[in-house]
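# Structural features, examined
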Amino acid sequence: MSSDDLNKSLAESTRALAKAFIVWGLESMDRVQEFSHQAQEYMQELVTEAKKEQTAGKTNKSSDEEPHYKQAEAPDTVTNDH
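Residues numbered from 1 in each chain as written. Predicted model: local features only at pLDDT ≥ 70, side-chain atom pairs only at ≥ 80, totals over all residues. Heavy atoms only, no water.

### Thoughts on the overall build of the protein
The secondary structure content of the protein amounts to one helix and zero strands. Taken over 82 residues, the protein has a buried fraction of 1%. A total accessible area of about 8400 Å² is found for the protein, and carbon and sulfur atoms account for 56% of it. (Helix = DSSP H or I, 4+ residues; strand = E, 2+ residues; numbered from the N terminus. Buried < 20%, exposed > 50% of the residue type's maximum accessible area, 1.4 Å probe, protein only. Areas by Shrake-Rupley, 256 points an atom, 1.4 Å probe, with all protein chains shown as cover.)

Laid out in C-alpha cells, this is it:
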C-alpha cells in the first residue's frame, strides 16, 4: 500500500467517523430537547396543582378564620294588627 493510498484511506475513515459523530450529536440533541419538553410540561403541571392547592387553602383558611354570619333579613311587609 502506498503512502497516497494510506492517506486517502485515513481521510475516508476520518470523514466517516466525523459524520457518525455528527449524526450521534444531532440525535442526542433531539433526545435532550424531548426530555426538556417533557420536564417543562411536568413542572407546569406541578405549578398548576400547587396554585390550585394554594387557592383552596386560602379559601378554607378565610372561611375558618373569619366566620361569616348571615344578617337577619327585614320583613318584606309590615303588618299593623292594631
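Picking up after the structure, the text goes on.
### Details of a nonpolar patch on the surface
On the surface, Phe21, Ile22, Trp24, Leu26 and Met29 cluster together into a nonpolar patch covering about 590 Å² of accessible area. With respect to the element layout, Met29 can be found in helix 1 (residues 3–65). (Patch = residues over 30% accessible without salt bridge, like charges linked within 9 Å, V, L, I, M, F, W, Y side chains within 5 Å. Salt bridge = Lys/Arg side-chain N within 4 Å of Asp/Glu carboxyl O.)

### Comments concerning a negative patch on the surface
Taken together, the side chains of Glu34, Glu41, Glu45, Glu49 and Glu53 present a region of like negative charge at the surface. Residue placement: Glu34 occurs in helix 1. A relative accessible area of 41% means that Glu34 is categorised as partly exposed. (Lys, Arg positive; Asp, Glu negative; His and termini not counted. Charge placed at Lys NZ, Arg CZ, Asp CG, Glu CD.)

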